[in-house]
Amino acid sequence: MTELDEGSLAETPASTASSRAAGILPSQQLRELVANGEIESDTKGLADLIQPASIDLRLGGVAHRLRASFLPGEGRPVAERIEEFSMHSIDLKDGAVLEVGCVYIVPLVERLNLGAAVSGIANPKSSTGRLNVFTRLISDGATEFDRVPAGYRGPLYAEIAPNAFSILVRPGTRLNQLRLQRGSPNLRDGTLRQLNEEVGLVGERPEAAKISKGLIFTVDLAGLGQERLIGFRAKRHTGVIDLSRIGHYDPSEYWDPLPASPKRGLILDPNEFYILASKETVRIPPTHAAEMIPYDNAIGEFRVHYAGFFDPGFGWAPEGGAGTRAVLEVRSHEVPFLIEDGQAVGRLAYDRLAEQPDVLYGAKIGSSYHAQGLTLSKHFKPLDEGTAARQG
């Protein structure tokens, strides 16, 4: 691995490269899009919406309970399809519960007027995914979820399907986030290998990183400490989670802890939801962002991540130094499926940025998971000291 002064790199101001360069748009360019009207959003709390390489999207004032999920289809506005599929509407002004097993669509506060070269991709926020809230972005005329075509001008909507816990939301609740990009920023394997040689993409032994269609990561089922904790399984028939309450809920009322098996394996039961962790500690350099591929049937019949964005600076010095584990949100499809310690369970695709952002993921901007181990969503009380020690 080439020697690199990580501290100086992490603190270096954003480059003076052309703001029209290809890549994921960083924080300062997102602010420019807001200023010139390509992202329409009220200015209240705007600084808090913009992340190092994405912008949070906020729920509007009404939710529509649907009888089925849908894509509007080419040339058709979402509002037209809502009229067709809506069962009833719910005013969110004073807070409202979105129930497990139901599908909702909510118009978002933000609206886009993108230039011809700018397109978008969306994902649930980390806290959304860790609650097993299935959230997807929809735009007018969409034939794919979570994709915004170049030059799109129009409203945005969030489809919301709570799968483990019913949730209480209000106007302004942030469930998903949007990345905007110019061109095709994804790194091919050869370039990714070179990046790994230069900066190290995993914290333990960068030379051992496995790269094939992205950085392959594995699951930790060995456990640490006396209880050998490997993860959590969501309980059924729990109380509502108010998404405005941070560090409020007792984990034991919502989750069953999972100790390691002597055989270091875990059978995933269909339709159960698990929080697990990667063996590898991940590092995202300030010049790149990453996305976890949520489902790959070449690896197994399960979904390993609902919230896929990793911001520049995740696991990087000085916040993470040797890297930070990826928390895995796992749900099996159709049949029970055995996973074993060290088994490959997913891939991390790296993307170049158009320029280095002027802020990085970490404690300085209040990032919730900058030094995570086996961590539940921010809505739960911190795990006890013994459990924290077992996270490593």
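None of these values were measured; they are calculated from a predicted model. (Residues numbered from 1 in each chain as written. Predicted model: local features only at pLDDT ≥ 70, side-chain atom pairs only at ≥ 80, totals over all residues. Heavy atoms only, no water.)

### Here we look at unusual backbone geometry
A positive phi angle, close to 60°, is found at N132, a residue other than glycine. The class of N132 is buried, set by a relative accessible area of 0%. For H237, which is not a glycine, the phi torsion comes out positive at approximately 60°. Locating H237 in the fold gives a position in the loop between β15 (229–234) and β16 (241–242). (Buried < 20%, exposed > 50% of the residue type's maximum accessible area, 1.4 Å probe, protein only. Helix = DSSP H or I, 4+ residues; strand = E, 2+ residues; numbered from the N terminus.)

### With respect to the sheet that holds strand β14 (residues 215–218)
The 4 strands are arranged β14-β25-β20-β22 in an open sheet whose pairing can be described as antiparallel. Each end of this open sheet is capped by a strand with a single partner; those strands are β14 and β22 (309–310). Here 2 bridges tie strand β20 (residues 288–292) to β22, and the two strands are oriented antiparallel to one another. Paired with E291 across the two strands is F309, which belongs to β22. (Pairing = 2+ DSSP bridges.)

### Quick look at the pairing of β15
Within β15, 5 of the 6 residues are buried, which leaves it mostly tucked inside the rest of the structure. As defined by bridge partners, β15 adjoins strand β17 (residues 255–259) across 5 bridges and the pair is classed as antiparallel. Looking at the pairing, L229 lines up with P259 of β17. Bridge count between β15 and strand β19 (residues 273–282): 2 bridges; the pairing is antiparallel. Bridge pairing in β19 links R233 to Y274.

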